[in-house]
Amino acid sequence: MGIIAIGAGITMGLAALGVGIGQGLVASNATQSIAKQPEASGKIQGAMIVGMAIMETALVLTFVIAIMLVSKIG
């Protein structure tokens, strides 16, 4: 029973780490792109927001799966 809880915790930790790194890279690259081409800032921001929303969705789904795993313990 404890292994499921450990697995859920590790899953959430790795997912949060991956999403954090990914969003940092996306924001950094978008900022650099806007600095190089200010006239394309609207398109760049739109693509950045879509990419970050997809990453957040993956994190929320991971959270739901972790909650489902923990609920199987009891």
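Scroll up for the structure.
Chains are numbered independently. Their residues run from 1 in the order of the written sequence. Only residues with pLDDT of 70 or above have their local features reported here, since the model is predicted, and side-chain atom pairs are shown and tallied only from 80 upward, although totals for entire chains, interfaces and linings are computed over all residues. By convention in this description, side-chain values take in all heavy atoms of the structure and omit both hydrogens and water.

A.B. asks: What is the right way to look at the overall build of the protein in this model?
C.D. replies: A run of H or I in DSSP counts as a helix once it spans at least four residues, and a run of E counts as a strand once it spans at least two, with each numbered from the N terminus. Per the secondary structure count, the protein includes two helices and zero strands. Here the radius of gyration uses the C-alpha set of atoms, whereas the globule reference equals 2.2 Å times the residue count to the power 0.38. Whereas a compact globule of 74 residues would reach a radius of gyration of roughly 11 Å, the protein reaches 17 Å, over 25% beyond that. Per-residue burial for the protein yields a buried fraction of 15% across its 74 residues. Every residue pair with non-hydrogen atoms within 4.5 Å of one another is taken to be in contact. Taking as baseline every contact in the protein between residues at least 6 positions apart, the subset at least 24 positions apart corresponds to 74%. Method for areas: the Shrake-Rupley scheme with a 1.4 Å probe, in which residue coverage is limited to the protein chains shown. About 5,100 Å² of surface is accessible on the protein, with carbon and sulfur atoms providing 75% of the total. Think of it in three bands: residues with accessible area under 20% of the maximum for their type are buried, residues over 50% are exposed, and the middle band is partly exposed, with areas taken using a 1.4 Å probe on protein chains only.

A.B. asks: Whenever I open this one, the environment of Leu-14 confuses me. Can you help?
C.D. replies: One can find Leu-14 in helix H1 (residues 2–36). Taking the relative accessible area as the measure of exposure, Leu-14 reaches 57% and is therefore exposed. It is 22 Å that separates the C-alpha atoms of Leu-14 and Met-48, two residues lying 34 residues apart in sequence.

A.B. asks: When you look at the side chain of Thr-62 in this model, what are you seeing that I'm missing?
C.D. replies: Relative to the helices and strands, Thr-62 is located in helix H2 (residues 41–71). Judged by its relative accessible area of 16%, Thr-62 falls in the buried class. Non-local contacts of Thr-62, meaning those with residues more than four positions away in its chain, are made with Thr-11, Met-12 and Ala-15.

A.B. asks: Just to check I follow, could you spell out the side chain of Gln-23 for this structure?
C.D. replies: Considering the arrangement of structural elements, one finds Gln-23 in helix H1. Gln-23 gets classed as buried once you look at its relative accessible area, which sits at 18%. In this structure, Gln-23 is in contact with Met-52, Met-55 and Glu-56, ignoring residues within four places of it in sequence.

A.B. asks: Would you explain the packing of H1 against H2 in this entry?
C.D. replies: Orientation of H1 relative to H2, taken along the N-to-C sense of each, is 175°, at an axis distance of 9 Å. Taken together, the axes of H1 and H2 lie roughly antiparallel to each other. Charged residues are taken to be Asp, Glu, Lys and Arg, nonpolar residues to be Ala, Val, Leu, Ile, Met, Phe, Trp, Tyr, Cys and Pro, and polar residues to be all remaining types, Gly included. Class assignment of the residues belonging to the contact of H1 with H2 gives a composition of 19 nonpolar, seven polar and one charged. Only the contacting stretch of a helix is used when fitting its axis, a line to C-alpha atoms as for every element, and angles between N-to-C directions run 0 to 180 degrees. Should an angle lie under 35 degrees it is considered roughly parallel, over 145 roughly antiparallel, and from 65 to 115 roughly perpendicular; all remaining angles are considered oblique.

A.B. asks: What exactly am I supposed to notice about the environment of Gly-7 here?
C.D. replies: Along the chain, Gly-7 falls in helix H1. The class of Gly-7 is partly exposed, set by a relative accessible area of 28%. Sequence spacing of Gly-7 and Lys-72 is 65 residues, and the spatial spacing of their C-alpha atoms is 12 Å.

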